[in-house]
Amino acid sequence: MRTKFYITVFLLGSLVFQAGAQNPVVAPAQAKPVLLVGGTIHTGTGEVIADAIIAFSGGKITFVGKEADFRADRSAYNVVDITGKQVYPGLIFPNTTLGLTEIGNGLEVADDTHETGDLNPDVRAIVAYNTDSQVIPVIRSNGILLAQIVPEGTLLPGTCSVVQLDAWNWKDATYKADNGMMLNWPRKSVPVGRRMFFQPAGETSNYDKGVEQLERIFADAVAYAEVEKPTDCNLRLESMKGLFNGSKTLFLSAPEAKGIIESILFAKRYGVKKIALVNADETAWSVKDFLKENNIPVLVDNPFTLPKNDFSDTKEPFRLAAMFHKEGILAGLCYSSQAYGNLPFAAGEAAAYGLTKEEALQTVTLNTAKILGIDDLTGSLETGKDANIVVSTGDLLDMRTNNVELAFIQGRQISLDNKHKQLYRRFEAKYENLKK
């Protein structure tokens, strides 16, 4: 009885807490053409345009260029003066469980990241995406407007999708559905502290068992894909068809150098058309020649972390994006931490360690869009693309000057309020009242 009382109190307390910090209302569709005038535009293609204009209508960009070159009648537009401000493409957050987990540290009721079993290619992360997550408005305030939502698990945890971060439900949020599949290649070694040791010989290792499972399901999937109209629909194998016709990218994660090579050769052997490597760190750098030879793009792992190896330069995580870029390997940035809003600052660190500011911007915009297969829609500020736009008073990639004043998703001006700002206003008012 006492247990029930505590549970009831906890639930009521949670409801009161939630009511005190509501997510902003979703923005309506763009009703009138908008003209942003006088800012400095960072297009995401490497070009910077001072004293510029960007126009968009119906959610699409219609003009990007010098103010002097804009000839249309301004009276037809909602004109916004942004003189002295910086304009960027909306940032893209790849390889994240945003919206799938609200509170970390193993709290099951707030975690919808994985399903039971090793092989779940038909599991769709998108249907578990929670648009009411209070984390979403927080990271929008730092300029992140799109994200790739991925499932977690063992070998084949499921499919991933790209979402835009202002929606009532997962269907409205979907930007590109089920355009990728995650594959976690098994490891041969086991970690002991900061060192790795190979699994003992003798019985069949977990590595061999994992590879055998992958071999079996990929062989079945290839055979199934060759049948035009299968008599019985197999949802697991049906979900893998896109890997062989190029409509889905296989996002590989492999913790060891040999595993990276073996997983890529494995995927190519089964005819997978598009492959990308996620969580790329110093291990991936050690096989850079193989990655370049096979034209494999990478999503570089969180730079705000310690080096993987004891003998590594402590600044190597910061330099990795530039190192891959100089080798001609397409590189984006991911951020494997629940401090999601730090993504732009991870790019800022890359700018301090080898990339130019515009190259660093591309690691969280156009490069990532190319890897996710959405560069025809977003990733840069170009005519015909979606109006996913961020306006900041200062450098978006610098935590000291990142101050997003305006943000548009597909032309819709979204709210930049969030729980952090609400709590700040609440306690600011409290202490102001105490002074009286």
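Please read these numbers as outputs of a predicted model, since none were measured by experiment.

Asker: What is the right way to read the overall build of the protein chain from this model?
Answerer: Per the secondary structure count, the protein chain includes 14 helices and 18 strands. Buried residues in the protein chain amount to 52% of all 436 residues. Once local pairs closer than 6 in sequence are excluded, the contacts in the protein chain between residues at least 24 apart make up 68%. Of the roughly 20,900 Å² that the protein chain leaves accessible, carbon and sulfur atoms contribute 53%.

Asker: How should I be thinking about the environment of Val26 in this particular structure?
Answerer: Structurally, the position occupied by Val26 is in the loop between helix H1 (2-19) and strand E1 (34-42). As a C-alpha pair, Val26 and Leu165 span 139 residues in sequence and 9.6 Å in three-dimensional space. In this view, Val26 contacts Asp166, Ala167, Trp168 and Arg412; residues no more than four positions away in its chain are not counted.

Asker: Please clarify how the pattern of salt bridges should be interpreted in this entry.
Answerer: Side-chain pairs of opposite charge can arise where the charged atoms are in close proximity. With the rule as written, the count across this model stands at 17 salt bridges. With a closest N to O distance of 3.5 Å, Asp281 and Lys308 form a salt bridge. Linking Asp281 in the loop between strand E13 (274-280) and helix H8 (282-285) with Lys308 in the loop between strand E14 (298-300) and helix H10 (316-326), this pair joins segments that are 27 residues apart in sequence. Residue Asp281 is classed as buried on the basis of its relative accessible area of 18%. When the shortest N-O distance is used, the salt bridge between Lys385 and Glu382 registers 3.2 Å. The exposure class of Lys385 is buried, given its relative accessible area of 8%. Among the residues examined, Glu382 registers a relative accessible area of 33% and is labelled partly exposed.

Asker: Please clarify how the packing of aromatic side chains should be interpreted in this entry.
Answerer: Each aromatic ring pair is characterised by the separation of its centres together with the angle its planes make. For the structure shown, the criterion picks out eleven aromatic pairs. Between Phe218 and Phe266 the ring centres are 5.0 Å apart and the planes differ by 75°, which places this aromatic pair in the edge-to-face class. Here Phe266 lies in helix H7 (residues 257-269) and Phe218 lies in helix H4 (residues 206-225), a separation of 48 residues in the sequence. Exposure remark for Phe266: the relative accessible area of 2% places this residue in the buried category. Consider the rings of Phe218 and Tyr270, whose centres lie 5.8 Å apart with planes at 45°: the pair is tilted. Linking Phe218 in helix H4 with Tyr270 in the loop between H7 and E13, this pair joins segments that are 52 residues apart in sequence. One aromatic cluster is present, formed by Trp185, Phe218, Phe266 and Tyr270 through successive ring pairs. For the cation-ring pair, Lys288 lies above Trp285, with the distance from its terminal atom to the ring centre recorded as 4.8 Å.

Asker: Explain the side chain of Thr363 here, please?
Answerer: Mapped onto the elements of the fold, Thr363 is located in the loop between helix H12 (357-362) and helix H13 (366-372). Among the polar contacts listed, one links the side chain of Thr363 to the backbone oxygen of Ala360, at a separation of 2.5 Å. Leaving out residues up to four positions away in the same chain, Thr363 has contacts with Ala331, Gly332, Leu333, Ala347, Leu355 and Thr368.

Asker: I tried to follow a nonpolar patch on the surface on my own but got confused; where do I start?
Answerer: On the surface, Phe427, Tyr431 and Leu434 cluster together to form a nonpolar patch covering roughly 330 Å² of accessible area. Structurally, the position occupied by Tyr431 is in helix H14 (residues 419-435).

Asker: Would you take a moment to explain the environment of Glu405 for this structure?
Answerer: Within the element layout of this structure, Glu405 appears in strand E17 (residues 404-409). In this structure Glu405 comes out as partly exposed when scored by relative accessible area, which is 39%. Here the alpha-carbon distance between Glu405 and Ser415, two residues ten residues apart in the chain, equals 9.8 Å.

Asker: Sorry, what's going on with the sheet that holds strand E12 (residues 249-253) here?
Answerer: Sheets are built from strands that pair by backbone hydrogen bonding, the pairs being arranged parallel or antiparallel. Taken together, the eight strands give an open sheet; going across it, the order is E6-E7-E8-E9-E12-E13-E14-E15, and neighbouring strands pair in mixed fashion. Strand pairing shows two members of the sheet lacking a second neighbour, strand E6 (91-96) and strand E15 (331-333), which therefore form its edges. Across the sheet, the mean angle from the axis of one strand to that of its neighbour is 30°, orientation sign disregarded. Judged from the four bridges that link them, E12 and E13 form a sheet pairing that is parallel. What sits directly across from Leu252, in E13, is Leu277. Sitting on the sheet, H7 is in contact with strand E9 (174-184), E12 and E13, with an inclination near 160° to E13. Lying on the sheet, H10 is in contact with E13, E14 and E15; it crosses E14 at an angle near 160°.

Cut-offs and rules
Residues numbered from 1 in each chain as written. Predicted model: local features only at pLDDT ≥ 70, side-chain atom pairs only at ≥ 80, totals over all residues. Heavy atoms only, no water. Helix = DSSP H or I, 4+ residues; strand = E, 2+ residues; numbered from the N terminus. Buried < 20%, exposed > 50% of the residue type's maximum accessible area, 1.4 Å probe, protein only. Contact = heavy atoms within 4.5 Å. Areas by Shrake-Rupley, 256 points an atom, 1.4 Å probe, with all protein chains shown as cover. Salt bridge = Lys/Arg side-chain N within 4 Å of Asp/Glu carboxyl O. Phe/Tyr/Trp six-rings, centres within 6.5 Å; stacked < 30°, edge-to-face > 60°. Lys NZ or Arg CZ within 6 Å of the ring centre and 35° of its normal. Polar contact = N/O pair within 3.5 Å; in protein donor to acceptor, adjacent residues only side chain to side chain. Patch = residues over 30% accessible without salt bridge, like charges linked within 9 Å, V, L, I, M, F, W, Y side chains within 5 Å. Pairing = 2+ DSSP bridges. Axes fitted to C-alpha atoms, helices over the stretch in contact; angles between N-to-C directions.

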